[in-house]
Amino acid sequence: VLGIKDLSAAFKVFGSRQRRGMRLETESLFAYLMKENRSILELFTANYTFLNESLAKFYGIPGVKGEEMQKVSLPAESHRGGILTHGSLLVVTSNPTRTSPVKRGLFLLDNLLGTPAPPPPPNVPTLEDQKKNMPKNVTMREMMEIHREKPLCASCHARMDPLGLALENFNAVGMFRDQENGSPIQTAGQLITGEKFNTIAELNQIFATSRRTDFYRCVTSKLLTYATGRGMEYYDAPTIDQIVAAMEKDGGKLRTLIPGVIHS
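Let me begin by describing the structure that accompanies this report. (Residues numbered from 1 in each chain as written. Predicted model: local features only at pLDDT ≥ 70, side-chain atom pairs only at ≥ 80, totals over all residues. Heavy atoms only, no water.)

## Some details on the environment of T193
Piece 1. You can see T193 is positioned in the loop between strand 5 (189–190) and strand 6 (196–197).
Piece 2. The exposure class assigned to T193 is partly exposed, which follows from its relative accessible area of 44%.
Piece 3. Separated by 18 residues in the primary sequence, T193 and R211 have C-alpha atoms spaced 9.3 Å apart.
Piece 4. Engagement of the side chain of T193 in a polar contact is seen with the side chain of E195, the distance being 2.4 Å. (Helix = DSSP H or I, 4+ residues; strand = E, 2+ residues; numbered from the N terminus. Buried < 20%, exposed > 50% of the residue type's maximum accessible area, 1.4 Å probe, protein only. Polar contact = N/O pair within 3.5 Å; in protein donor to acceptor, adjacent residues only side chain to side chain.)

What follows is the structure, given as structure tokens:
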């Protein structure tokens, strides 16, 4: 993308304009879904996004002119599409100088599936500390495999890592890459619920189909928490069930979700 081969060069073209564009991309997608009363599942399945010229160049998408955000159709072979490929999500779930499959996996579990992993056990060494004893040019996937060799670590990482590693084609600032340290990046994985995927596009489809109800329930709980200013309790379950059932009935329309919260 843009002829940039390493992360240090990527940071040279990642500045305030790109950060602002990434935020507006995500906000514009949500606003479009709301205004047009479209399904919230398009957060995963959208074959379009919202870009301005500087963000489009950063993503390597040609033909976008001007600094106003505009809806852009994505070709079938595009690496973008859906919120999982938004720079906003990819940057905020990375470490300053590298990707973090753990942060990315945790974010998806907590904010999209509503199944956060438990906190890590005490005294777990950082990946950087362990890397000192690993072979040179080891890939992130290989580091994570070594990291989770201990059974105590493996139990949680089995939930997080497949989701986080599915996003490894995007570096710490959200630029697409197909290699890491000279090795092809492998994104295939399997959720603990059994669904297998090879690409981010296939993972998006899982979120929009077999994990659809989990997403509906999660986003409903998050929005109710925001609206009421408190966490959800057991006695909120009937309200959540009612809103989720209504979303299932009409395909996840946003104008069903938000009034459902308001009227609850």
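## A closer look at helix 12 (residues 237–250)
Piece 1. With 14 residues, helix 12 should cover 20 Å at 1.5 Å per step; its first-to-last C-alpha distance of 20 Å lies within 8% of that length.
Piece 2. Every buried residue belonging to helix 12 is among I240, I243, V244 and M247, and all of these are buried. Down the axis, helix 12 shows its buried residues gathered within 100° of arc, on one side only. Opposite its buried face, helix 12 presents the exposed residues P238, Q242 and K249, each directed more than 90 degrees away.
Piece 3. Packed against the buried residues of helix 12 are helix 11 (212–228) and helix 13 (254–263). (Expected span 1.5 Å × (residues − 1). Arc of directions from axis to C-beta. Contact = heavy atoms within 4.5 Å.)

## So, the packing of aromatic side chains
Piece 1. Counting across every chain of the model gives nine aromatic pairs.
Piece 2. Between F14 and F58, the aromatic rings sit 5.7 Å apart at their centres with planes inclined by 40°, giving tilted as the arrangement. A residue pair is termed long-range when its members are at least 10 positions apart, and F14 in the loop between helix 1 (7–12) and helix 2 (16–35) and F58 in helix 4 (residues 53–59) qualify at 44 residues.
Piece 3. On the numbers, 5.5 Å between centres and 70° between planes, the contact of Y32 with Y48 is edge-to-face. Of this pair, Y32 sits in helix 2 while Y48 sits in strand 1 (residues 48–51), and the two are 16 residues apart along the sequence. Taken individually, Y32 and Y48 each receive the classification buried, so the pair is uniform in this respect. (Phe/Tyr/Trp six-rings, centres within 6.5 Å; stacked < 30°, edge-to-face > 60°.)

## Description of the packing of helix 12 against helix 13
Piece 1. For the pair helix 12 and helix 13, the least separation of the axes is 9 Å and the interaxial angle reads 160°. Looking at the two axes, helix 12 sits roughly antiparallel to helix 13. The way helix 12 lies across helix 13 gives a crossing that is right-handed. Counted together, I243, A246, M247 and D250 of helix 12 and T256, L257, G260 and V261 of helix 13 form the full contact between these two elements.
Piece 2. Residue composition of the contact of helix 12 with helix 13, grouped by class: five nonpolar, two polar and one charged. (Axes fitted to C-alpha atoms, helices over the stretch in contact; angles between N-to-C directions. Parallel < 35°, antiparallel > 145°, perpendicular 65-115°, else oblique. Left-handed = near helix turned anticlockwise from the far one by under 90°. Nonpolar A, V, L, I, M, F, W, Y, C, P; charged D, E, K, R; others polar.)

## A word on the nonpolar core
Piece 1. Of all hydrophobic cores here, the largest spans 44 residues; its most connected members are I40, L84, L108, L203, F207, F215 and L257.
Piece 2. By residue number, the principal contributor to this core is helix 10 (residues 200–208), which donates five residues.
Piece 3. Those residues in contact with F207, other than ones at most four positions away along the chain, are F44, L84, L108, L112, L113, L163 and R212.
Piece 4. Ranked by size, the runner-up nonpolar core spans 13 residues in total, among them Y59, V64, V72 and L74. (Core = buried A, V, L, I, M, F, W, Y, C linked by side-chain atoms within 4.5 Å.)

## Comments concerning helix 6 (residues 101–113)
Piece 1. For helix 6, the complete set of buried residues consists of P101, R104, G105, L108, L109, L112 and L113. Buried residues along helix 6 cover an arc of 130° about the axis, so they all sit on one side.
Piece 2. Just downstream of helix 6, G114 is the residue with a positive phi angle, here 70°.

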